[in-house]
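Structure at a glance
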Amino acid sequence: MTENNPPEFDLKRHLSIIWKRRYPVILVALIVASIFTWGSFIWPESYEASSTVFIERGALMTPLLEGAGVSGGMQERLRNLSDGISSRNIIDRVIKDLDLDVTIKTPDQYDGLVRNIRQNLTVALTTDRARRSVDRFKVSYRGRDPRTVRDLVNTIVNEYINENLKYTRTDAYEVYDFIKGQLMEYKKKLEESDGAIRAFRERNPNMIPRSEATILARVDRFQTDRIDTEITLKELMKKSENLRKQLSGEKELTVAFVSKEGTPQDKLSFLNSRLMLLMTKYTDNYPAVIKLKAEIQELKREIARQSTSSRKDLYMDSMSTETSAMNPIYQSLKEDLAKTNAEIESLKERSSELLRQQKIAQAVLGRMPREQEEWVKLQRDRNVYQRLYDDLLVKLQDARVSKDIQFSNKAATFRVVDPAYLPRYPVKPDRVKMIMLGIFMGIASGIVAAYVLESLAGTFKDETSIESRFKIPVLASIPKILTEADKLKIKRRDRKVFAVAGLYLVVILVALAEEVLYRYLGIKLINF
């Protein structure tokens, strides 16, 4: 079994094919190279000019602009920057400023000019990742006239900056006036709400807004206190009845013996009677009781110092008489009864007041659903108006700061860091790339043409192709016989062809070198 090995690459055979078809190869290569080379010079030139604008935000003013309405408006305009720059309003002003409509005679031609400017105008935004906001943008325009391209870019940038500044100031004043008007309106509503709450409180002086649980707790507390008061009242009435019974069994006056002369013993008896009377009213710590006890003790010591004989004579000589005096027990019971009756009257009044307060609380509880609903509505409206008023007050301060900043030109501003300059060479066509591409494509096309002609020739190239086609062996081959004259003629013709092709290639290479020098070094040798 024979293995089918892939045929080896025969370099000599391929070179012989190219050499054999050298004239078509040279012709096709020069034609393709000529198309790319001279086509790049025929192609209409397109120039491009661009301008870079930086958006400056003051480091000291940035904290003041946080949350301000104008700052938000500027960010919105920056997000729509491409549409703003290519707006019809700005383009119309640019056309008027540069007199681009001098040759325009019909509205259709003017609309075509506007469309052409929009199609060739590009805006590239650069975003600051830290701030997540646009910090610069680049405006570019392409056209055939380099001066028009430059002037158009610079004019568009200036027009946009001026328009943005005008709109920013207008927005600042309009926002401030709008917020101020809304603030006055909600201030009036807040005052009306306060008046309604005040009128409600005046209509319901006893109604302190609270929950139903609080009112129910008050009713229960009044009920409990009244029950305790009734119990205490019954106890005091029972005590009063007992005191009346005890008082009925005592006499108001009692018999006492008082000597005619004021002896120490008589004085001691009198002081003891006073002490007993005071003890029915006061405790041992009462000042009068303490003082009286001290006098009694002093008098007892004085009597003890007297001799026995003196006391006996004093007793025999003294004369006493019987008299009537107040009964201290009766007086004590009478005072307790009066005190108890006073407490009974006080408790009766307290019970009546608790009952009255309980009825008031129950009445409030009955009116509570309606009054509570009205009170909640009044409070809710006032809280809403107060919150809106506070928010508007803060926004008004922000709007005032923004307005002052815009008026003093301290807000975010545009700075042209790279204005548009007159372009020295066109961006299209790129002749260097086209000429190099033409040379490469010419060589490739020539080689392809050689193989195409070889395949279309209809002749056998060697003995192997004959044997593979007819399946018979080749016995002999007769080579092409060239005389010396034929060979000399072919060499002369080759020299002429190679000389012309080489000279033409030199012209193409000179054009390539001139474009390289002009584009990258700014050296212009030949004006094509």
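Here, the structure is the one placed above.
Residues numbered from 1 in each chain as written. Predicted model: local features only at pLDDT ≥ 70, side-chain atom pairs only at ≥ 80, totals over all residues. Heavy atoms only, no water.

**Some details on the overall build of the protein chain**
Put simply, the test is: Here a helix means four or more residues in a row that DSSP labels H or I, a strand means two or more in a row labelled E, and each is numbered from the N terminus. Type-normalised accessible area, obtained with a 1.4 Å probe on protein chains alone, sets the label of each residue: buried when under 20%, exposed when over 50%, and partly exposed for intermediate values. Note on contacts: a residue pair qualifies if any of its non-hydrogen atoms lie within 4.5 Å across the two residues. Computed by Shrake-Rupley with a 1.4 Å probe, the accessible areas treat only the displayed protein chains as cover when residues are assessed.
Within the protein chain one finds 16 helices and 6 strands. By residue count, 28% of the 528 residues in the protein chain fall in the buried class. When contacts within the protein chain are restricted to residue pairs at least 6 apart in sequence, long-range pairs at least 24 apart make up 81% of them. Element-wise, carbon and sulfur atoms account for 57% of the exposed surface of the protein chain, whose accessible area totals about 35,600 Å².

**Some remarks on the pattern of salt bridges**
Note the following rule: Each salt bridge in this description consists of a side-chain nitrogen of Lys or Arg and a carboxyl oxygen of Asp or Glu lying within 4 Å of one another.
Using the criterion set out here, one finds 16 salt bridges in the structure. With a closest N to O distance of 3.1 Å, R22 and D494 form a salt bridge. In this pair, R22 sits in helix 2 (residues 22–42) while D494 sits in helix 16 (residues 484–521), placing the two residues 472 residues apart along the sequence. Like D494, R22 is buried.

**Regarding the nonpolar core**
Put simply, the test is: Definition of nonpolar core: a set of buried residues of the types Ala, Val, Leu, Ile, Met, Phe, Trp, Tyr and Cys, connected through side-chain atoms within 4.5 Å.
Formed by 26 residues in total, the largest nonpolar core has its most connected members in I85 and F137. Those elements that provide at least two residues to this core are strand 1 (47–56), helix 5 (81–85), helix 6 (88–98), helix 7 (107–120), strand 3 (133–143) and helix 8 (146–203). The dominant element in this core, judged by the number of residues it contributes, is helix 8, at 7 residues. Among all residues touching I85, those that are not within four sequence positions of it are I90, I91, L121, V123, F137, V139, I156 and Y160.

**Quick look at the packing of helix 6 against helix 7**
Note the threshold: Each axis is a line fitted through C-alpha atoms, and for a helix only the stretch in contact is used; angles between axes span 0 to 180 degrees, taken between their N-to-C directions. Under this scheme an angle from 65 to 115 degrees is roughly perpendicular, one under 35 degrees roughly parallel, and one over 145 degrees roughly antiparallel; angles in between are oblique. As a working rule, the residues Ala, Val, Leu, Ile, Met, Phe, Trp, Tyr, Cys and Pro are called nonpolar, Asp, Glu, Lys and Arg charged, and the rest polar, with Gly in that last group.
The interhelical angle for the contact between helix 6 and helix 7, taken along N-to-C directions, is 110°, at an axis separation of 11 Å. As summarised for this structure, helix 6 and helix 7 are arranged roughly perpendicular, according to the angle between their axes. Facing helix 6, whose interface residues are R88, I91, D92 and I95, helix 7 presents Y110, D111, L113, V114, I117 and R118. Classifying every residue of the contact of helix 6 with helix 7 by side-chain character gives 6 nonpolar, no polar and 4 charged.

**Here we look at the side chain of R22**
Using the following cut-off: Here a polar contact is recorded for every N or O atom pair within 3.5 Å, except that within protein the pair must consist of a potential hydrogen donor and a potential acceptor, and residues adjacent in sequence are included only if both atoms are side-chain atoms.
Look at R22 and you get buried, because its relative accessible area is 12%. A polar contact of 2.7 Å, which involves the side chain of R22, links it to the backbone oxygen of W19.

**What to know about the packing of aromatic side chains**
We count it as follows: Each aromatic pair joins two rings of Phe, Tyr and Trp (for Trp, the six-membered one) with centres within 6.5 Å, and gets the label stacked for planes under 30 degrees apart, edge-to-face for over 60, and tilted for any other angle. Both a distance and an angle decide whether a charge sits over a ring: NZ of Lys or CZ of Arg must be within 6 Å of the ring centre and within 35 degrees of the ring normal.
Applying the stated rule across the entire model yields 5 aromatic pairs. Residue placement shows R22 over the ring face of Y23; its charged tip is 4.9 Å from the ring centre. When the ring centre of Y186 is taken as reference, the NZ or CZ atom of K189 above it lies at 4.9 Å.

**So, a positive patch on the surface**
The test is simple: In this analysis, a patch consists of residues with relative accessible area above 30% that form no salt bridge, clustered at 9 Å for like charges and at 5 Å for the nonpolar side chains Val, Leu, Ile, Met, Phe, Trp and Tyr. Charge assignment: positive for Lys and Arg, negative for Asp and Glu; neither His nor the chain ends contribute. Throughout, a charge is located at the NZ atom of Lys, the CZ atom of Arg, the CG atom of Asp or the CD atom of Glu.
A surface patch of positive charge is lined by K487, K491, R492, R495 and K496. Looking at the element boundaries, K491 is found in helix 16.

**A look at unusual backbone geometry**
Each neighbour pair has its own omega, and for K428 with P429 the value is -5°, a cis peptide bond. Position of P429 among the secondary structure elements: in the loop between strand 6 (413–418) and helix 14 (431–456). Backbone geometry places D99, a non-glycine residue, at a positive phi of 55°.

**Here we look at the packing of helix 14 against helix 16**
Rules: Handedness of each helix crossing follows the sense of rotation of the near helix against the far helix: counterclockwise by less than a right angle gives left-handed, clockwise gives right-handed.
Close contact between helix 14 and helix 16 brings their axes to 9 Å; oriented N to C, the two are set at 155°. Taken together, the axes of helix 14 and helix 16 lie roughly antiparallel to each other. Read as a crossing pair, helix 14 and helix 16 show a hand that is left-handed. Where helix 14 abuts helix 16, its residues R431, V432, I435, M436 and I439 lie against I508, L509, A511, L512, E515, V516 and R519.

**Description of a nonpolar patch on the surface**
Taken together, the side chains of V516, Y520, L521 and I523 make up a nonpolar region of the molecular surface, amounting to roughly 390 Å² of accessible area. Its place among the elements puts V516 in helix 16.

**Re helix 6**
Cut-off, in case you're wondering: Directions drawn from the helix axis to the C-beta atoms are what define this arc.
Taken together, the buried positions of helix 6 are I90, I91, V94 and I95. Projected down its long axis, helix 6 carries its buried residues within an arc of 135°, all on one side. Phi for D99, located one or two positions after helix 6, is positive at around 55°.

**Let's talk about helix 16**
Cut-off, in case you're wondering: Take the residue count of a helix, subtract one, and multiply by 1.5 Å to get its expected span.
Under the 1.5 Å per step criterion, the end-to-end length of helix 16 is 53 Å for 38 residues, consistent within 8% with the ideal 56 Å. Turning to helix 16, its buried residues number three or more, namely D494, A501, I508, A511, L512, E514, E515, Y518 and R519. On its buried side, helix 16 packs onto helix 1 (11–20), helix 2 and helix 14. Positioned one or two residues after helix 16, G522 has a phi angle of 75°, which is positive.

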